[in-house]
Each structure stands twice: as structure tokens, then as C-alpha cells.
Amino acid sequence: MTMPHHALEIMLTRPLPPASLHRAARVLPLAANHDATRLMALVEAKTAHRAARRLRHRLGAWLPIDVITTHYPDADHTVLLNVAFPPATHVFLKAQARRAHQTPERFMELALHRALAQHADQEIDRLDQAVRELLARTTPAYLISAVGHALTRLPERPTS
């Protein structure tokens, strides 16, 4: 049986000079974005967790890695998030997880889910307020027409 390959995305703390990227790519083939702050790699391993650990072990000395994520969701529609915390932060998180009777991984997973849910709620509130302000100055028919027109144009980057 062949070992699966996992597509991993690497986010860096700073752009890489071309020479550094070239040296790292000799250790493991990499694809870089335009400013070399995000890289892609295929890593052979039984699980995504092992692939991320293997990647961090092989490239950690060569790259200022912030985060490693799986590029594609798994069968449960989840994406692995591999973050290397400074030692003091790691000790703090382990203590907080112990107090919550959870593993550090589960503690971080739940904290991340709470933060994402809070962000989604804030975004919904922000959009609701913006729509209410628009409706104070126009009719629903004009607003719907304007939204339809905006959605048919090329997508633009969010302003926030």
C-alpha cells in the first residue's frame, strides 16, 4: 500500500529572499506565492498530523514558519491548523487546558471555534446595521437592484 501525500500550506512570518526559498526547496519541493509568504508542499505521511510535524521538522530550521494548514479539508470537512507557540505560551495553554479538563489541542480547537463564531456574529451585526442605514435612504426594490448589480460585477476585495 502506498503512503498518502498531504497538500500543506505554510504561512511565514516574513517574505523570503529568493536564496532562502531556493535553499529550503532543496530540502523539500515548494511552490511559493508572489511574495514568498505562503508556500505549498506535498508531504508523504499516514496522517495530516504526521505530515505537518514532518514538514515542520524538515523545514523549521530553514523557514520562519508561523502556521501550517492542510490545503484541503479531510473527510470530516476539517482543516488541520498546526501552530508552533513560544515556550511560555505553550506552558500557559497547557495549564489552561488542564484547568478545563481538556487536551491542549481540544482547548485550542474550542477557543478557535468560539472566536470564529464571535467574528461571524459581529459580521452579521455589521452587515445588518449597514443594510438598515441603506434602507433609511432608499427603497427595498432599489437596494435589491443595487445588490444584484454589484454581485454581477467582478468580485472585489472586502474593505475591512
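So, a few notes on the structure that sits alongside this text. Keep in mind it's a predicted model, so treat the numbers as computed, not measured. (Residues numbered from 1 in each chain as written. Predicted model: local features only at pLDDT ≥ 70, side-chain atom pairs only at ≥ 80, totals over all residues. Heavy atoms only, no water.)

**Quick notes on the pattern of salt bridges**
Then step 1. Per the counting criterion, the structure on display carries four salt bridges.
Then step 2. Between E109 and R106 there is a salt bridge, and its shortest N-O distance comes to 3.4 Å. Taken as a pair, E109 and R106 lie in helix α4 (residues 104-135) at a separation of three residues, close to a single helical turn.
Then step 3. The partly exposed category is assigned to R106, whose relative accessible area is 39%. (Salt bridge = Lys/Arg side-chain N within 4 Å of Asp/Glu carboxyl O. Helix = DSSP H or I, 4+ residues; strand = E, 2+ residues; numbered from the N terminus. Buried < 20%, exposed > 50% of the residue type's maximum accessible area, 1.4 Å probe, protein only.)

**Some words on the side chain of R56**
Then step 1. With respect to the helices and strands, the residue R56 is situated in helix α2 (residues 48-59).
Then step 2. Buried charge without a partner: R56 forms no salt bridge, and the closest opposite charge is D66, 7.5 Å away.
Then step 3. Discounting residues that sit within four places of it in the chain, R56 has contacts with I65, D66, V67, I68, N82, V83 and A84. (Lys, Arg positive; Asp, Glu negative; His and termini not counted. Contact = heavy atoms within 4.5 Å.)

**A look at the environment of P17**
Then step 1. With respect to the helices and strands, P17 occurs in the loop between β1 (5-12) and α1 (18-27).
Then step 2. In this structure, the C-alpha to C-alpha distance between P17 and D35, residues 18 residues apart in sequence, is 8.9 Å.

**Brief notes about the pairing of strand β3 (residues 38-44)**
Where a strand is regular, its side chains alternate between the two sheet faces.
Then step 1. Going residue by residue along β3, you find L39, A41 and V43 tucked away on one face and R38, M40, L42 and E44 left uncovered on the opposite face.
Then step 2. Examined bridge by bridge, β1 and β3 share seven bridges and lie antiparallel to one another. Each residue of the ladder has a partner; that of H6, found in β3, is V43.
Then step 3. Examined bridge by bridge, strand β2 (residues 31-32) and β3 share two bridges and lie antiparallel to one another. (Pairing = 2+ DSSP bridges.)

**Here we look at the side chain of T37**
Then step 1. Within the element layout of this structure, T37 appears in the loop between β2 and β3.
Then step 2. Overall, the relative accessible area of 16% leaves T37 in the buried class.
Then step 3. Among all residues touching T37, those that are not within four sequence positions of it are I10, M11, L12, R14 and P15.

**So, α1**
Then step 1. Taken together, the buried positions of α1 are occupied by S20, L21 and A24. Down the axis, α1 shows its buried residues gathered within 95 degrees of arc, on one side only. Along α1, the residues that are exposed and aim more than 90 degrees away from the buried face are P18, H22 and R26.
Then step 2. Those residues of α1 that are buried are in contact with β2, β3 and α2. (Arc of directions from axis to C-beta.)

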